[in-house]
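These are the residues of each chain, in order.
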Amino acid sequence: MAAPVTLTMKDLQSPVEPTWCPGCGDFGILNAVKRAMIQLKLPPHQVIYFSGIGCGSKLPDYVRANGFNSLHGRPVPLAQGFRLAHHDMKVVVVDGDGDSYGIGGNHWLHIMRRNPDITHIVQDNMVYGLTKGQYAPTSMKGYVSTTSPEGTIEYPVNPIAIALAAGATFVARGFSGDPKHLADLIAKGMEHKGYALIDVFQPCVIFNRVNTYDWFRERVYKLEDEPGYDPHDLNKAWEKAHEWGERIPIGLFYVNEETPTLEEQIPALAQKPLYQQDIPPPVEMLEGLKEIFV
Amino acid sequence: MVKNNCTIKLGGEAGQGVESSGMGFAKAIARAGLYIFGVQDYMSRIRGGHNWYQIRVHTRPLYAHETSVHLLLAFDERTVHDHSAELVKGGGVLYDDGLKVDQSSLSAMDLIPMPMPLLKIAEEVGGNKLMMNTAAVAAAAGICEFDLSYVEQVIRDNFGRRKGSEIADRNIRVANHAYEEARKRYAHLFEWKLEPIPGAPRRMVINGNQALGLGTLAAGCKMVSGYPMTPASTLLEFLAGQARKFGLVVRQTEDEISGILHCIGAAHAGVRAMSCTSGGGFSLMVESLSLAGSTETPVVIVLAQRPGPATGLPTRTGQEDLLFALHAGHGEFPRAVLAPGTIEQCFYHMARAFNIAEKYQMPVIVMTDNFLANSIRSVEKEAFDFAAIARSIDRGALILPHEEDKVTQATAEGYRRYELTENGISLRIPPGHPNAVYSVAGEEHTPEGFIDWEETAHNRNLMMNKRMKKLTLCAEEDMGVYEFYGPEDAETTLLCWGSSYGPVREAVDVLNSNGMRVNMLHFVDIHPLHWDAVGEVLDRCHTVVAVEGNFSAQFSRWLTMNTGRRPDAKITRFDGRPLNPDFIAAELHKALIRV
Ligand SMILES: Cc1ncc(C[n+]2csc(CCOP(=O)(O)OP(=O)(O)O)c2C)c(N)n1
Ligand code: SF4
Ligand SMILES: [Mg+2]
């Protein structure tokens, strides 16, 4: 099962045509995901994408790799179970802002404090696309939608700040309008030993008429272009996480390579992946259990 | 004198050591070669309140407790007040002489008050009032003239086997003192005695959750994930304790949704996986159960029931979730439901659940309840045949991605995860091999596993039929475990399922010894079943009375729904207390009058 020497876009072509609206930001994410695989020479059988339910969550069918389209908000625990059973597979979650910042928010908080080696790409279009335009947890205050006709009265979730507070060891934000930069972030996230969040500004050209490509282009700037910005500095990252308005940072906010992964701390995984381990355990060993009860 | 046939009950506040003392005494009695059945009752609080532990002893295997008590060990006044009425005439009430107990009213009930200076012995002989429990158990042993060495063994096990272990030695001194004192004072007044059976084999003292744990390990389950909930927590805890030794991954997840999804994820990778919970947690799992059905992922869920609705009676027992388990999940998808009734059945059917799950690539729900999960019995060691389980392991149409040659051969002409086959079962190759790269979906999907975005009627029909027909084969090849107990030509058949096995079986013995002709028909397998065959079984019975731990006789409804047969009467119990032989016998008389 050696990796092929070269991998091209063609190798990653799925027979399924995307059903996204023309111009949707999800195309940029799909493109970036494929580029990242090529950059890392990751053959399709060594990657699995777990998604939720939403427009962006259709992605697994559109890239030739393993995939699992699950339930709204549930890919995160599913991916953890898979990863613990098969820890030499690259495990990636791709889901919507509704999935992980809304209905699956609790799972998201807990994956961050566990630090499994999973890359998490959130398609942050600040709206519910698939269900036709209701507001999302990341919608800006006052956002007018079908379920908030007078504008939302809630403050939006700040994914970057929450991730930093929850102990995520790799926290980044990309923009689907810049797939090259995004591909680089995703590749870095995949290489990171531990949980990596890549929140992605993903314009929904149908329902979100506020946060458009132009809106983002006018505001985003890259942290790596900031003189002296060091992503190992948690305090600096915290400060940048709250920058919103005229200027909005993208890039790598924070990384910490010191924290052990979840997998590394589980004795059963020290030798080989769980799925390769022989079952059942030796009968003599099982017989020994009876002594507990006599 | 009555030898080796009695019930001893311990009662007190939470935190007084009622359960640990009861367990210790039960173990000592079992080691003497006697059969025990232990049942507990506790409140949802950590201190205070009222808990009890009841040990029934006999020379034959026991399957249930009985309501009459012979010796009551009261750790507090409330125990005397609440439980004296359960004592038979001539029964004893043992308590610390510091408690305020009205001896004359006990005597008026033909009971024997047995005050003992337990606290004083603990303090003066052991130097620690915490040793009062040791004194109490030893005093009970003295009253029954039970060989104290068995109690001493258990003390050594609990406080350190090494000779010269300070605490163990002091406890043993306390035990000897209390034993002699109680024997001198009361043994000659008390009719019930415990006598070791020479040469009896060493038996295991084990409860339902522990037996499920052994079955889980024997089946080669490698991923266990769940969220604590009574009465399932002790199963999760037992397996967590074995994780390092047996190379298990055991995860306490953030909630039950995550618990079952961890299992589905692991099973998707080709690992046997199990989650355990009670009704409330199972409610949270329901959407994901449907996902397992859709994606044909084998997972095993233990549903240890307790009474609802909502938080219900969290520390009590009930069989209220049968129809829920059968129908849980949106949409229609195949599943199996098993309900073991005894400790041995917990072991075997737990292991069997993993085979069924993998063979049919579907979720399997194993149902128990607080009564079965926590009641202990003495069981022969040979009853747990690990070698037989190992031989029976059947992973179905599974090829793991690292089995190079097999994968290469099986995928020579390509691979489709949901290939349409005659029996509905498709080859399962978990992700990881270049010849089997695919995507699966909770959305209706094509044989390749892709989401069918057109939502075509044609594909839908193919896939629904494919999934659902697995049940036909399963019912024929792998299901149909039921058991008759008692005379074949019985006039009355007690129909039951799951944990009712023990109480109903014992009720059958009681009723037949009183001149009736009654038998039991117990089902472990609930779904899928070959219903024509079940109908024929029911037709062989005369008067059928359903016995269940719920309000609406759910299993009986399930039978009626599938066979058109309707039991003639029902006995239900939904007060959170376990069924027992006396209750069933008494209710049967009323039920038969109504027939
Ligand atoms: C339990 C459940 N509730 C609601 C839905 C309906 N639903 C499907 S996708 C979605 C929201 C999609 O928004 P998001 O996650 O942001 O993804 P997007 O479509 O914007 O990419 C909702 C509410 C569902 N599928 N499951
Ligand atoms: S609705 Fe929005 S998010 Fe969904 S595909 Fe269309 S543009 Fe993309
Ligand atoms: Mg969205």
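Residues numbered from 1 in each chain as written. Chains lettered and ligands numbered in written order. Predicted model: local features only at pLDDT ≥ 70, side-chain atom pairs only at ≥ 80, totals over all residues. Heavy atoms only, no water.

On to the overall build of chain B. Secondary structure assignment for chain B yields 22 helices and 23 strands. What you see for chain B is a C-alpha radius of gyration of 26 Å, in line with the 25 Å of a compact globule of 595 residues. Taking all 595 residues of chain B together, the buried fraction comes to 64%. Carbon and sulfur atoms provide 50% of the accessible area of chain B, an area that totals close to 21600 Å². Where the 59 positive side-chain charges of chain B centre and where its 70 negative ones centre are 5 Å apart. (Helix = DSSP H or I, 4+ residues; strand = E, 2+ residues; numbered from the N terminus. Rg over C-alpha atoms; globule rule 2.2 N^0.38 Å. Buried < 20%, exposed > 50% of the residue type's maximum accessible area, 1.4 Å probe, protein only. Areas by Shrake-Rupley, 256 points an atom, 1.4 Å probe, with all protein chains shown as cover. Lys, Arg positive; Asp, Glu negative; His and termini not counted. Charge placed at Lys NZ, Arg CZ, Asp CG, Glu CD.)

For chain A, the helix and strand inventory stands at nine helices and ten strands. Taken against the 2.2 N^0.38 rule, which gives 19 Å for 294 residues, the C-alpha radius of gyration of chain A at 20 Å falls within 12% of a compact globule. Reported as C-alpha extents along the three principal axes, the dimensions of chain A are approximately 70 × 45 × 40 Å. Within chain A, contacts between residues at least 6 apart in sequence are counted, and of these 71% link residues at least 24 apart. (Contact = heavy atoms within 4.5 Å.)

This part takes up the coordination of the magnesium ion (ligand 3). Residue and element names in this part refer to chain A. Surrounding the magnesium ion (ligand 3) are the protein donor atoms Asp-97 (OD), Asn-125 (OD1) and Val-127 (O), at 2.1 to 2.2 Å. Ordering the donors of the magnesium ion (ligand 3) by residue number gives the pattern D-x27-N-x1-V. Owing to a relative accessible area of 8%, Asn-125 belongs among the buried residues under this scheme. On the basis of relative accessibility, which here comes to 1%, the residue Val-127 falls in the buried class. (Donors = N, O, S within 2.8 Å, 3.2 Å for Na, K, Ca; no water.)

Residue and element names in this part refer to chain B. Split by domain assignment, chain B resolves into domain 1 (2–193), domain 2 (207–392), domain 3 (404–477) and domain 4 (482–594). Between domain 3 and domain 4, the C-alpha centre-to-centre distance is 41 Å. The interface of domain 3 with domain 4 comprises four residues on the first partner and four residues on the second. Taken together, both faces of the contact between domain 3 and domain 4 bury some 300 Å²; the carbon and sulfur share is 82%. Sorting the residues of domain 3 by area buried against domain 4 places Leu-471, Ala-475 and Glu-476 first, and these three jointly supply 89% of that buried surface. Our count for the contact surface shared by domain 3 and domain 4 stands at zero salt bridges. Scanning the region where domain 3 abuts domain 4 turns up zero residue pairs in polar contact (both at pLDDT 80 or more). (Domains from an automatic or database assignment. Buried area = accessible area lost by both parts, 1.4 Å probe. Salt bridge = Lys/Arg side-chain N within 4 Å of Asp/Glu carboxyl O. Polar contact = N/O pair within 3.5 Å; in protein donor to acceptor, adjacent residues only side chain to side chain.)

Okay, the packing of aromatic side chains next. For the structure shown, the criterion picks out 27 aromatic pairs over all chains. Pairing Tyr101(A) with Trp108(A) gives two aromatic rings, centres 4.7 Å apart and planes at 55°, and the pair type is tilted. Both residues of the pair, Tyr101(A) and Trp108(A), count as buried. Aromatic pair Phe523(B) and Phe555(B): ring centres 5.3 Å apart, planes at 50°, arrangement tilted. On the criterion of sequence distance, the pair formed by Phe523(B) in strand E20 (residues 518–523) and Phe555(B) in helix H21 (residues 554–563) is long-range, its members being 32 residues apart. Of the two residues, Phe523(B) and Phe555(B), neither departs from the other in class, the shared state being buried. Members of the aromatic cluster, each reached through a chain of ring pairs, are Phe175(A), Phe201(A), Tyr213(A), Trp215(A), Phe216(A) and Trp244(A). Directly above the aromatic system of Tyr155(A) lies the positively charged group of Lys141(A), at a separation of 5.2 Å from the ring centroid. (Phe/Tyr/Trp six-rings, centres within 6.5 Å; stacked < 30°, edge-to-face > 60°. Lys NZ or Arg CZ within 6 Å of the ring centre and 35° of its normal.)

Across the two faces of strand E2 (residues 66–69) of chain A the burial is the same, with Asn66(A) and Phe68(A) and Gly67(A) and Asn69(A) all buried. Here E2(A) runs beside strand E17 (residues 439–441) of chain B; their pairing, made up of three bridges, is parallel. When the bridges of E17(B) are listed, Phe68(A) appears paired with Val440(B). (Pairing = 2+ DSSP bridges.)

Look at the link from Ile279(A) to Pro280(A): it is a cis peptide, with omega at -10°. For Pro280(A), the location among the structural elements is in the loop between strand E10 (248–255) and helix H9 (283–288). In this model, His527(B) is joined to Pro528(B) through a cis peptide bond whose omega is -5°. By secondary structure assignment, the location of Pro528(B) is in the loop between strand E21 (525–527) and helix H20 (531–539).

Moving on to the interface of chain B and chain A. Contacts between the two partners involve 69 residues from chain B, matched on the other side by 58 residues from chain A. Considering only the surface of chain B that becomes buried against chain A, Glu254(B), Phe386(B) and Trp453(B) emerge as the three largest contributors, covering 12% of it. Summed over the shared surface of chain B and chain A, the result is three salt bridges. Note that Glu291(A) and Lys381(B) form a salt bridge whose closest N and O atoms lie 3.2 Å from each other. Inspection of the region where chain B meets chain A yields 16 residue pairs in polar contact (both at pLDDT 80 or more). In terms of residue count, the dominant contributor to the side of chain B that touches chain A is helix H10 (residues 256–268) of chain B (eight residues). Grouping the amino acids of the side of chain B that touches chain A by side-chain chemistry returns 36 nonpolar, 17 polar and 16 charged. (Nonpolar A, V, L, I, M, F, W, Y, C, P; charged D, E, K, R; others polar.)

This part takes up the pattern of salt bridges. Under the defined criterion, the tally for this structure stands at 46 salt bridges over all chains. Here the salt bridges share partners, and the residues they tie into one network are Glu226(A), Lys240(A), Glu243(A) and Arg247(A).

So, on to the site of ligand 1. Within the structure, ligand 1 sits among 17 residues, and Cys55(A), Asp97(A), Asn125(A), Gly129(A) and Leu130(A) are positioned closest to it. Looking at what sits near ligand 1, you find residues from chains A and B. Asp97(A) places a polar side-chain atom, nitrogen or oxygen, 2.2 Å from an oxygen atom of ligand 1. Between ligand 1 and Gly98(A) there is a distance of 3.0 Å, counted from an oxygen atom to a backbone nitrogen or oxygen. If ligand 1 stood free it would expose 580 Å²; the protein chains cover 76% of that surface. If you list the elements that add at least two residues to the shell around ligand 1, you get helix H3 (97–103) and strand E5 (127–128) of chain A. The biggest single contributor to the shell around ligand 1 is H3(A), with four residues. A breakdown of the residues in the shell around ligand 1 according to their chemical character gives six nonpolar, eight polar and three charged. (Near = heavy atom within 4 Å.)

To continue, consider the sheet that holds strand E18 (residues 482–485) of chain B. Residue and element names in this part refer to chain B. If you walk across this open sheet you meet the five strands as E18-E20-E19-E22-E23, and the pairing is mixed. Strands with a single pairing partner mark the edges of an open sheet, and in this sheet they are E18 and strand E23 (569–572). When the angles between neighbouring strand axes are averaged without regard to direction, this sheet yields 20°. One ladder, built from four bridges, connects strand E19 (residues 492–497) with strand E22 (residues 543–548); its direction is parallel. Bridging across to E22, Thr-492 finds its partner in Thr-543. (Axes fitted to C-alpha atoms, helices over the stretch in contact; angles between N-to-C directions.)

This part takes up the packing of helix H2 (residues 75–85) of chain A against helix H4 (residues 105–114) of chain A. All names here are of chain A. Contact pair H2 / H4: the axes reach a minimum separation of 9 Å and the direction vectors enclose 35°. Packed against H2, whose contacting residues are Val-76, Pro-77 and Gln-80, the element H4 presents His-107, Trp-108, Ile-111 and Arg-114 at the interface. Across the contact of H2 with H4, the residue classes tally to four nonpolar, two polar and one charged.

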